[in-house]
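One-letter residues, chain by chain:
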Amino acid sequence: MPIIKLPDGKTLEFNKAVSGKEIAEKISKSLSKQALIMTVDDELKDLSYLINNDSSVKIITPKDSEGLDAIRHDTTHIMAMAVQELFPGTKIAIGPAIKDGFYYDFSRKEPFTLKDLEKIEKKMRQIIEKDEPTKREVWERKKAKEHYKKIGENYKVELVDSIPEDQEVSVYYHGKWYDLCKGPHLSSTGKIGKYFKLTKVSGAYWRGNSNNEMLQRIYGTSWPSQKELDEYLKRIEEAEKRDHRKLGKEMDLFHFREESPGSVFWHEKGWSLFQKLVSYMRKKQDQAGYKEINTPEILDRSLWEKSGHWEKFGENMYTSETPDEKIFAIKPMNCPGCVQVYNQGLKSYRDLPLKMSEFGKVHRYEPSGALHGLLRVRAFTQDDAHIFCTEDQITEECLSVTNLILEIYKDLGFENVILKYSDRPEVRVGEDQVWDKSEAALLKAVKASKLEYSINKGEGAFYGPKIEFVLRDAIGREWQCGTLQVDLNLPERLGASFVDRDGSKKIPVMLHRALFGSLERFIGILIENYSGKLPFWIAPLQVMVIPVSEDFDTYAKEVNQKINNIGINSEVDLKNHNLNYKIREHSMAKIPLLLICGKKEVDSNTVTIRRLDSNKQENMEVKTFLKKFAALNRAPSN
RNA sequence: GCCCUUGUAGCUCAGCUGGUAGAGCAAUUGAUUUGUAAUCAAUAGGUCCGCGGUUCGAAUCCGUGCGGGGGCACCA
């Protein structure tokens, strides 16, 4: 006589074992129609699962994230079934639901083509049409293994092996096709609806290990309704429109070329944006007590051996050989150089904390497949700094770094920031006790920041634990930017010290921190966040002055000169095109302000402003304009 | 690095099964003097990514290298 407790607190009593389907029907007709799976005492189960004992039950519908996952999981099973029917001999590996969709990994000699995807989709629709019931069976572990061995599904054999001993080995059937699967699944193939689409094929290593063979992965997306599917596809399209590679070209900011893959050729406008960010940060760092330094880009191999980079990071380092056969490395990080500057002259505890910043250009030989526009490059400028301090100062210094970073993000329009804390990796330098100390101090700062955070086990830098600052952009994507790392190893390796209060020599702690991480990457993120429509104060070309006709060229030139004189980047468009044409052209170039000058303006000594993304006209005296926009030509916090 | 895919004018792209390239926009020149998202016309513009091969003949087919894109792995 199970008593079923529902999420709203109500209870239902049954006089025999009861299935989810029956419970849903008892609650309401509409719920039973929408029901996909259920949770029994927080465990996901098929609706057909029979409940014998008193339990808490929640019926899952497409509105729940578990429901959405179930739909996607079912869709991927149906895809795998379609693939095996269409392409006999194809072996199947794994096929989970993922964010916004699903994938399944296959092993087959011939590559799947986009045409194949169409065929597979068609087959899937046929399978769904048949609406065959999905059934679950529990198999003996041994039977499952032998069975899969017999039919040559070697990936499934491995998967059976990896199921923990205390768990059942279950298999799900739709029609004749079956798959090793933990479940749960919808009750029949027709339940998933028809709102799915196969999106792409790619390679993927078996079990995510690059030593294993490469499988073929087919990705798809699946939703409870046409509306949601359309919305998703629209979202993808919108994201593509924001692509900084496309906008960077359109806005004439930068380009890449074969001669230096992964390195940016900055054009005038892009570089102007870059420099605006640098001078903004200089100002912020000055105010926060940083001292800016600069160190060589090429340093002798011996320094990198001492610092540990040669051994731990060598694979990613560019090296150069001189005519006299000396080996130099092009710096992949600024820290060793910075320590050398610290090491000049004796330091006292009174000098600490000592904050040394550096806009250092670093080079890292990233794997070719990792390169991605400005977001992943081989040469980039870090807004780097190293803070030398005592162990007692770690937490406080970390907090002040966090505050600085948050203020800077806010100025640039990012208010939604989360932290990722990473502790010791497997490959590392330094004693475990040292790691214990650094990890504890950093974690304390993380907690004190009161920001949302997650812990990434084993993902710290080889010299110390770290936190990463992740920001969410206008369309909800997360970008890892700033970083803060505690380093109790490098100062010792490179012989840094200070004289303490008692006259003894001690080794300082070093904090590595970067605000944006990489200027290049951050600019990419900025462009995507704003769809290229950058805030006025940071836009490379801020104003375009447009005379209505040739007669007003002189006036337009004068206005342009006055604007440039107060430090706003302005140009005047004297080309022989009509007004409509120019407005269209410069709007598409995403210039924040267009100033129209015609007879009316000349007579009244005014300009008419048209702001990007608005067709309102705003007339203003030139004097007023200059005053107003001079004030807007700096960061909100300044 | 691995799998798939792709590389034609400054840009976006067309060019079927092999017969030495084409459009729109941009550029230049001329006409037009324009009041809030494309005025008209003319002109010029290309080692069809590089190298090698097949062929009487290659942008097109094959091989290879390099680059781009989508993933996987990587991201100290």
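The rules behind each value
Residues numbered from 1 in each chain as written. Chains lettered and ligands numbered in written order. Predicted model: local features only at pLDDT ≥ 70, side-chain atom pairs only at ≥ 80, totals over all residues. Heavy atoms only, no water. Domains from an automatic or database assignment. Contact = heavy atoms within 4.5 Å. Buried area = accessible area lost by both parts, 1.4 Å probe. Polar contact = N/O pair within 3.5 Å; in protein donor to acceptor, adjacent residues only side chain to side chain. Nonpolar A, V, L, I, M, F, W, Y, C, P; charged D, E, K, R; others polar. Near = heavy atom within 4 Å. Helix = DSSP H or I, 4+ residues; strand = E, 2+ residues; numbered from the N terminus. Pairing = 2+ DSSP bridges. Axes fitted to C-alpha atoms, helices over the stretch in contact; angles between N-to-C directions.

Caption draft 1: Region of the structure containing the domain arrangement of chain A. Domain annotation of chain A identifies domain 1 (3–58), domain 2 (65–239), domain 3 (254–523) and domain 4 (543–632). The C-alpha-based centres of domain 1 and domain 2 are spaced at 27 Å. Contact with domain 1, which involves seven residues of that partner, is made by 10 residues of domain 2. The junction of domain 1 with domain 2 conceals about 730 Å² of combined surface from both sides, 66% of it contributed by carbon and sulfur atoms. When the buried area of domain 1 at its contact with domain 2 is split by residue, L36, I37 and D46 rank highest and sum to 69% of it. Seen at the junction of domain 1 and domain 2, the total is two residue pairs in polar contact (both at pLDDT 80 or more). Here the side of domain 1 that touches domain 2 is built from residues that sort into four nonpolar, no polar and three charged.

Caption draft 2: Geometry of the protein's contact with RNA strand B. If you check the shell around RNA strand B, you find 48 residues, and the closest are S202, F313, R364, A461 and N576. Restricting the count to atoms of RNA strand B within 4 Å of the protein gives a sugar and phosphate share of 54%. At 2.3 Å from a sugar or linking oxygen of RNA strand B is found a side-chain nitrogen or oxygen belonging to S202. The set of elements that each furnish at least two residues to the surface near RNA strand B consists of β14 (196–205), β15 (214–222), α8 (244–250), α18 (579–588), α19 (599–604) and β34 (606–611). Here the surface near RNA strand B gets seven residues from one element, more than from any other, and that element is α18. Its residues assigned to classes, the surface near RNA strand B comprises 18 nonpolar, 16 polar and 14 charged.

Caption draft 3: Geometry of the sheet that holds strand β5 (residues 43–45). Reading across the sheet, the five strands line up as β2-β1-β7-β4-β5 and stay open at both edges, with mixed pairing between neighbours. In this open sheet, the two edge strands, each paired with only one partner strand, are β2 (11–13) and β5. Looking at each pair of strands side by side, their axes are set apart by 35° on average, direction ignored. Pairing of strand β4 (residues 37–40) with β5, which is carried by three bridges, proceeds in the antiparallel orientation. Directly across from M38, in β5, lies its bridge partner K45. Packing of helix α1 (residues 20–27) onto the sheet brings it into contact with β1 (3–5), β2, β4 and β7 (55–60), and relative to β7 it is tilted by some 75°.

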